[in-house]
Amino acid sequence: MDINKLPTIPAGPVGYLRRPAHTPVDQPAPNPLCTLFGIRYPIVQAGMIWCSGWRLAAAVSSAGGLGLIGAGSMYPEVLREHIRKCKAATDRPFGVNIPLLYADLDKHVGIVLEEEVPIVFTSAGNPALLTPRLKAAGRTVVHVVSSVKFARKAQEAGVDAVVAEGFEAGGHNGREETTTLVLVPLVRDAVQVPVIAAGGIADGRTVLACMVLGADGVQVGSRFVCSAESSAHPAFKEAVTRVEEGGTMLTLKELAPVRLMRNAFFQEVQAAYARGAGVDELKQVLGRARAKRGMFEGDLDQGELEIGQVSAAIRNVLPAERIVQGLVDEFHTAAARIGLNGRSLMAPWQHPGPDQRLPK
Ligand SMILES: Cc1cc2nc3c(=O)[nH]c(=O)nc-3n(C[C@H](O)[C@H](O)[C@H](O)COP(=O)(O)O)c2cc1C
């Protein structure tokens, strides 16, 4: 059979309908994100301060997803060390997340370029700031957005894909409070680049839901906090598995909106609001190094505990490989339940050969 002579279907407008015009109908088109990153499953492990070092990134990439090292909580030379260890631990592509709000930004970028990291996810800032420089250096660039306006800006800046991150998500968040269910289709319709959904995804059903909404894949954060390889403190991981529905809330909008577990520190912030605290007083209440204290050092009372709403559905700590495989297996089960062929949404990109792999 000459597969090139089989009939083709035209490229569709969104997500699972979209396939390159040359793809025969009996073969699912490779998922655009799998092709873009050179990975097996369109599942990105989110960059997360204090939680996503080389161990987690390497485990996720080795399992077929895309692991990200979170640069936000790392001194520049610590970031270099994590990149080198990640390269030594996996021959699969991985990336680095650079939030645009930290003082070490220029040094982080310099290290990512020197260490030849192929994929960079930027977040929390203007996508035009770094994208042209990273693209000129031949990197694949993705920017995290929480609104259609910023998705368009990111596309204009030249990114290869956007992460559409809804209000449910853990960590810093958009002021617009747009939920994943609303944001993903809006962003899908507004941009032509691949869309990665984030916020509220911790099992295969939610992966499928996002792809039906038009996403090409997902970025998963909170679920990977509770992985064996995450660098979160064991007490924080354990606390996440006990969060109940309603146990997180977005706060500190006047500084940088962030979704937190409702612990004693969170109550202090609420008390400050109740007495009409302004920005300066809120800054004082927040103080310094709260996130490290909570998530990395395990101070569950006085630390800042960033986690998503979906923590209410996370009940255990698992190896990252099992999380990735679980997401994929549950995705196919959920697709089959509604009569969809999951492979048409998640067809892996075929690895062309060793030259595509990162040098050790
Ligand atoms: C503990 C924690 C730390 C985070 N730190 C970052 C970060 O450094 N940079 C970033 O772009 N997003 C950060 N985020 C957001 C994630 O990258 C991701 O988009 C989000 O967790 C997805 O929502 P989910 O938690 O519902 O899966 C963080 C999230 C969590 C839970």
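This text follows the structure it describes.
I will try to describe carefully the structure that is included in this document. All values reported here derive from a predicted model rather than from experimental measurement. (Residues numbered from 1 in each chain as written. Predicted model: local features only at pLDDT ≥ 70, side-chain atom pairs only at ≥ 80, totals over all residues.)

1. With respect to the overall build of the chain
As a reminder of what qualifies: To qualify as a helix, a DSSP run of H or I must reach at least 4 residues; to qualify as a strand, a run of E must reach at least 2; elements of each kind are numbered from the N terminus. Once C-beta atoms are placed from the backbone, any two residues with those atoms within 7 Å are in contact.
Along its length, the chain carries 15 helices and 11 strands. Taking contacts inside the chain between residues at least 6 apart in sequence as the whole, the part at least 24 apart equals 63%.

2. A closer look at the packing of helix α8 (residues 204–212) against helix α14 (residues 320–337)
Keep this limit in mind: Orientation is described by axes fitted as lines to C-alpha atoms, over the contacting stretch for helices, and by angles from 0 to 180 degrees between their N-to-C directions. What makes a crossing left-handed is the near helix being turned counterclockwise from the far one by less than a right angle; a clockwise turn instead makes it right-handed. Gly is placed with the polar residues, together with every amino acid not listed as nonpolar (Ala, Val, Leu, Ile, Met, Phe, Trp, Tyr, Cys and Pro) or charged (Asp, Glu, Lys and Arg).
Relative to each other, α8 and α14 sit at 65 degrees, their axes nearing to 7 Å. Handedness of the α8/α14 crossing: right-handed. From α8, G204, R205, V207 and L208 reach across to α14, where they touch L327, V328, D329, E330, F331, T333, A334 and A335. Broken down by class, the residue content of the contact of α8 with α14 amounts to seven nonpolar, two polar and three charged.

3. Topic: the sheet that holds strand β10 (residues 248–251)
Defined as follows: Pairing between strands requires that DSSP locate at least two bridges from one strand to the other.
Read from one edge to the other, the open sheet built from three strands follows the order β7-β11-β10, with strand pairing classed as antiparallel. Strand pairing shows two members of the sheet lacking a second neighbour, β7 (171–172) and β10, which therefore form its edges. In the sheet, β7 pairs with strand β11 (residues 258–261) via two bridges, with the strands oriented antiparallel. Pairing of G171 across the sheet is with R259, part of β11.

4. A short note on the site of the ligand
Selection criterion: Whether a residue is near a molecule or strand depends on its C-beta atom, generated from backbone atoms, being within 6 Å of that molecule or strand. Each domain span listed reflects an automatic or database assignment of domains.
Neighbouring the ligand are 30 residues; A46, G170, G171, G221 and G308 lie closest to it. Where the shell around the ligand is concerned, the elements lending two or more residues are β3 (94–99), β9 (217–220) and α9 (222–225). Inspection of the shell around the ligand shows a minimum of three residues originating in each of domain 1 (32–231 + 314–344) and domain 2 (241–311).

5. A short note on the packing of helix α2 (residues 54–62) against helix α3 (residues 76–89)
Selection criterion: Here the word oblique covers every angle except those under 35 degrees (roughly parallel), over 145 (roughly antiparallel) and from 65 to 115 (roughly perpendicular).
Where α2 contacts α3, the axes come no closer than 9 Å and their chain directions differ by 30 degrees. With respect to their mutual orientation, α2 and α3 come out roughly parallel. The crossing of α2 and α3 is right-handed. Along the contact surface, α2 presents W54, A57 and A58, while α3 presents H82, K85, C86 and A89. Tallied by class, residues from the contact of α2 with α3 come to five nonpolar, one polar and one charged.

6. Describing α8
Definition in use: Any residue with 12 or fewer other C-beta atoms within 10 Å of its own C-beta is exposed, any with 20 or more is buried, and the rest are partly exposed; the C-beta atoms used are placed from the backbone.
Looking only at α8, the buried set comprises T206, V207, L208, A209, C210 and M211. Taken together, the buried residues of α8 touch α7 (180–190), β8 (195–198), β9, α14 and α15 (343–346).

7. With respect to the nonpolar core
Selection criterion: By convention the nonpolar core is taken to be a set of buried residues drawn from Ala, Val, Leu, Ile, Met, Phe, Trp, Tyr and Cys and joined through C-beta atoms within 7 Å.
Counting residues in each nonpolar core, the largest one holds 97 residues, and the members touching the most others are V162, A164, I196, A197, C210 and V218. Ranked by residue count, the leading element in this core is α14, at seven residues. Setting aside residues up to four positions removed in sequence, V162 forms contacts with V142, H143, V145, A151, A154, V187, V191, V193, V195 and I196.

8. Overview of α2
In terms of burial, α2 is largely enclosed, as eight of its nine residues are buried. Every buried residue belonging to α2 is among W54, R55, L56, A57, A58, A59, V60 and S61, and all of these are buried. At its buried positions, α2 is contacted by β1 (43–45), β2 (67–70), α3, β3, α9 and α14.

9. Digging into the pairing of strand β5 (residues 140–145)
Keep this limit in mind: Consider the strands pointing away from the viewer: the crossover is right-handed when the path from the first strand over the helix to the second runs clockwise.
Taking burial as the measure, the six residues of β5 include five buried ones, the bulk of the element. With four bridges joining them, strand β4 (residues 119–123) and β5 adopt parallel strand pairing. From the neighbouring strand, V120 faces β5, where its bridge partner is V141. Once you follow β4 into helix α5 (residues 131–136) and on to β5, the crossover reads as right-handed. Pairing geometry for β5 and strand β6 (residues 161–165), over four bridges, is parallel. Bridge pairing in β6 places V145 opposite A164. Taking the sense of rotation as the criterion, the β-α-β connection linking β5, helix α6 (residues 148–157) and β6 turns out right-handed.

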